[in-house]
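Coordinate inspection notes
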Amino acid sequence: MFIKPLLVIALLVIGLVALRGRGTNRTSAYLKIALGLFFTFAIYSVLFPEQITQIASFIGVGRGTDLLLYVAVIGFIFFTVFTYAKFKDLETRIARLARAVALASALQEPPLLPVQPPEPSLTTESEPTEQEA
Amino acid sequence: MTDQRDVWLVVPMYNETQVVRDVILRARRTFPNVVCVDDGSQDSSAAEAAAAGAVVVRHPINLGQGAALQTGIEYARNRPGARYLVTFDADGQHNADDVSRMIARLRTEPLDVVLGTRFQGNTGHIPLLKRLVLRTVVMVSPRAHRLKLSDSHNGLRAMTVEAARRINLQSNGMAHADEFVDIVDRARMRVAEEPVTINYTDYSMSKGQSLLNGVNIVVDSAVRRRS
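A quick note: this is a predicted structure, and the numbers were derived from the prediction, not measured.

1. A closer look at the overall build of chain B
Looking only at helices and strands, chain B has 10 helices and 7 strands in total. Here the C-alpha atoms of chain B give a radius of gyration of 16 Å, agreeing with the 17 Å that 2.2 N^0.38 yields for 227 residues. Counting only C-alpha atoms, chain B reaches 45 × 40 × 40 Å along its principal axes. Burial analysis of chain B (227 residues in total) assigns 59% to the buried set. Put simply, chain B shows about 9,500 Å² of open surface, and 53% of that area lies on carbon and sulfur atoms. On chain B, the mean spot of the 29 positive side-chain charges and the mean spot of the 25 negative ones are 5 Å from each other.

2. Description of the nonpolar core
Residue and element names in this part refer to chain B. Grouped together as the largest cluster of nonpolar side chains are 38 residues, with contacts concentrated most on Leu9, Ile24, Cys36, Val86, Phe88, Val99 and Ile103. Setting aside chain neighbours within four positions, we find Ile103 in contact with Gln4, Val7, Phe31, Tyr84, Val86 and Ala158. Met159, Val161, Phe180 and Val184 belong to the second-largest nonpolar core, a separate cluster that totals 31 residues.

3. Things to note about the packing of aromatic side chains
Throughout the structure, instances matching the rule amount to 2 aromatic pairs over all chains. Seen from their ring centres, A:Phe78 and A:Phe82 are 5.1 Å apart, and the 55° between their planes marks the pair as tilted. You can see A:Phe78 and its partner A:Phe82 sitting in helix α4 (residues 64-108), 4 residues apart, about one turn around the helix. A relative accessible area of 18% places A:Phe82 in the buried class. With a centroid separation of 6.0 Å and an interplanar angle of 75°, the aromatic rings of B:Trp8 and B:Tyr75 are classed as edge-to-face. Residue B:Trp8 is located in strand β1 (residues 7-13), and its partner B:Tyr75 is located in helix α3 (residues 65-77); the two are separated by 67 residues in the primary sequence. Note on accessibility: B:Trp8 and B:Tyr75 belong to one class, buried. The ring of B:Tyr75 has B:Arg79 sitting right over it, with the charged end atom 4.0 Å from the ring centre. Above the plane of the ring of B:Phe180 lies B:Arg157, whose end atom (NZ or CZ) is 4.9 Å from the centre.

4. Quick notes on α3(B)
The end-to-end C-alpha separation of α3(B) is 18 Å, in line with the 18 Å expected for 13 residues at 1.5 Å each. Three or more residues of α3(B) are buried, namely B:Gly66, B:Ala67, B:Ala68, B:Leu69, B:Gln70, B:Thr71, B:Gly72, B:Ile73, B:Glu74, B:Tyr75, B:Ala76 and B:Arg77.

Rules used in this analysis
- Residues numbered from 1 in each chain as written.
- Chains lettered and ligands numbered in written order.
- Predicted model: local features only at pLDDT ≥ 70, side-chain atom pairs only at ≥ 80, totals over all residues.
- Heavy atoms only, no water.
- Helix = DSSP H or I, 4+ residues; strand = E, 2+ residues; numbered from the N terminus.
- Rg over C-alpha atoms; globule rule 2.2 N^0.38 Å.
- Buried < 20%, exposed > 50% of the residue type's maximum accessible area, 1.4 Å probe, protein only.
- Areas by Shrake-Rupley, 256 points an atom, 1.4 Å probe, with all protein chains shown as cover.
- Lys, Arg positive; Asp, Glu negative; His and termini not counted.
- Charge placed at Lys NZ, Arg CZ, Asp CG, Glu CD.
- Core = buried A, V, L, I, M, F, W, Y, C linked by side-chain atoms within 4.5 Å.
- Contact = heavy atoms within 4.5 Å.
- Phe/Tyr/Trp six-rings, centres within 6.5 Å; stacked < 30°, edge-to-face > 60°.
- Lys NZ or Arg CZ within 6 Å of the ring centre and 35° of its normal.
- Expected span 1.5 Å × (residues − 1).

Spelled out as structure tokens, the structure:
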């Protein structure tokens, strides 16, 4: 019964990779290797389905289709976690970009003339101007 | 009245046309410097805020309240002469008098940050369910506990400009309150709480966070800590 430790280890690895360095060259290299292995396995299972069944029974899964299902589920979780991390990363970048645009255009506009506040003692003649831009 | 021209109010704003002009006019009686961060509103909030005399910084797209706060903080802390920053809500739930007391403490006491709390003094005006949830949030947060905070999700916060320079909120959405406390704790800033009154009007209640949003906050915070 290898299947249980195999599945658990796969999930742990996904978790670890997801939590640690994301977006680095190393991570994306690992991702490519994982994809490569996945495609090799896919082609192999198409060409030699009976061997997939043998592997499956060797590691204690039963039928080859069951093994494929497990691999597919792991692959799906892998994809989900990576996509989530990627989205978060993009969100941060977009926020930085939008902030830069907002701040830059705020500094370009002429300083707003202070509207007379309701109480006369509150004129704001010293409203800092945006000259330094 | 003390001269408050070294204070900047940072007001994140999203679709607040109805009330924002009034809120800013009232706040500016005491605090002339107000920067409104318009978080991509579809209504005329930006024009209203500008008419009330606030500097308006516009996000080209909607990013979320945390992002708007960060933008406002970055704008305000780079103003010449700015010494104190205050985060202030656009929906009229905060009072300038409370801000005055918080700023007075920053001026006189050795503090970096003063957080508003709803849970000192009379809590009768806070809706019961809200009270329970906010109390629970504080109890389960180790940092809030360590800093002896009674209310970690209050939008009213005052800080010195030096403290503001260390604030870099990454949570765009609503998890920024936790993140703020995190940053304050990690940087070992000196924090105090000041009791404040929140005006729970129908308007602010309808604009405020629904309790279901707590789910988002918890998950976002958990993910952020690990990243």
